[in-house]
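Descriptive analysis of the structure
Chain by chain, the residues:
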Amino acid sequence: MNATNQGEIMLIAIQRIAEQRIQQAMEEGTFKDLSHWKNKPLPRDEMEHVPADLRMGYRILKNAGYVPEEVALRKEIARTEDLLSHCCDEQQKYSQLKKLNLLRHKLECRMGRPLRLGEDSDYYPRVVETLAGERD
């Protein structure tokens, strides 16, 4: 039996199990009242931008509690910004600012964006300081 046949058999088995569970839930009356959806479109799929062949895998990962690294980094950035805004101690502020800059750098690298080193960048003074230190 080749991989294609195995995959088809697996899908048929999953479909039968799903149909059995739906039938069982209908008989037991455990479905929620869905009458408010009658004659209304379904809500938009939050994964419509994900290629069709990847959606199921992404849903499984999402339901298991896994999130893409970019999402986790954005959440960590938001938490760090919140901590920084409520921080009173200068040493803690400096530590949180360093962490925030590192997280932003990681996110930019992960997203494929080059690190901005313009004069308005958080990294510009450090780069200048490092380069000046190497010249001495």
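Right, let's talk about the pattern of salt bridges for a bit. Side chains bearing opposite charge may pair, as long as their charged atoms lie close to each other. Inspection of every chain in the model, using the stated rule, returns eight salt bridges. The salt bridge partner of glutamate 69 is arginine 110, with a shortest N-O separation of 3.3 Å. With a gap of 41 residues between them, glutamate 69 in helix H3 (residues 69-85) and arginine 110 in helix H4 (residues 90-110) connect regions that are remote in the sequence. The partner of glutamate 81 in a salt bridge is arginine 104, with the nearest N and O atoms 2.6 Å apart. In this pair, glutamate 81 is assigned in helix H3 and arginine 104 in helix H4, connecting sequence segments 23 residues apart. Salt bridges sharing common partners tie together Glu69, Glu70 and Arg110.

Look at helix H2 (residues 52-63): 17 Å from first C-alpha to last across twelve residues, which is about the 16 Å you get at 1.5 Å a residue. Immediately beyond the C-terminal end of H2, within one or two residues, lies glycine 65, with a positive phi of roughly 95 degrees.

Here glutamate 76 shows up in helix H3. Polar side-chain contacts of glutamate 76 include one of 2.6 Å to the side chain of arginine 79. With residues near it in sequence (within four places) discarded, glutamate 76 still touches Lys99 and Leu103.

Bringing unusual backbone geometry into the picture now. In this structure, asparagine 39 is a non-glycine residue whose phi angle is positive, near 60 degrees. Along the polypeptide, asparagine 39 turns up in the loop between helix H1 (3-28) and H2.

A separate point is the state of the cysteines. Scanning the entire structure with this criterion turns up zero disulfides. No disulfide involves cysteine 87; its sulfur sits 6.7 Å from that of cysteine 88, the nearest cysteine.

Let's shift gears to the nonpolar core. Inside soluble globular proteins, nonpolar side chains tend to come together where they are buried. Core analysis: the biggest nonpolar cluster contains five residues, these being Leu73, Ile77, Leu100, Leu103 and Leu107. Elements with a contribution of two residues or more to this core: H3 and H4. The greatest single-element share of this core, amounting to three residues, is contributed by H4. Those residues within four positions of leucine 103 in sequence are excluded, and the remaining contacts are Leu73, Glu76, Ile77 and Thr80.

Procedures and definitions
- Residues numbered from 1 in each chain as written.
- Predicted model: local features only at pLDDT ≥ 70, side-chain atom pairs only at ≥ 80, totals over all residues.
- Heavy atoms only, no water.
- Salt bridge = Lys/Arg side-chain N within 4 Å of Asp/Glu carboxyl O.
- Helix = DSSP H or I, 4+ residues; strand = E, 2+ residues; numbered from the N terminus.
- Expected span 1.5 Å × (residues − 1).
- Polar contact = N/O pair within 3.5 Å; in protein donor to acceptor, adjacent residues only side chain to side chain.
- Contact = heavy atoms within 4.5 Å.
- Disulfide = S-S within 2.5 Å.
- Core = buried A, V, L, I, M, F, W, Y, C linked by side-chain atoms within 4.5 Å.
- Buried < 20%, exposed > 50% of the residue type's maximum accessible area, 1.4 Å probe, protein only.

Remember, this is a structural readout, not a statement about activity or role.
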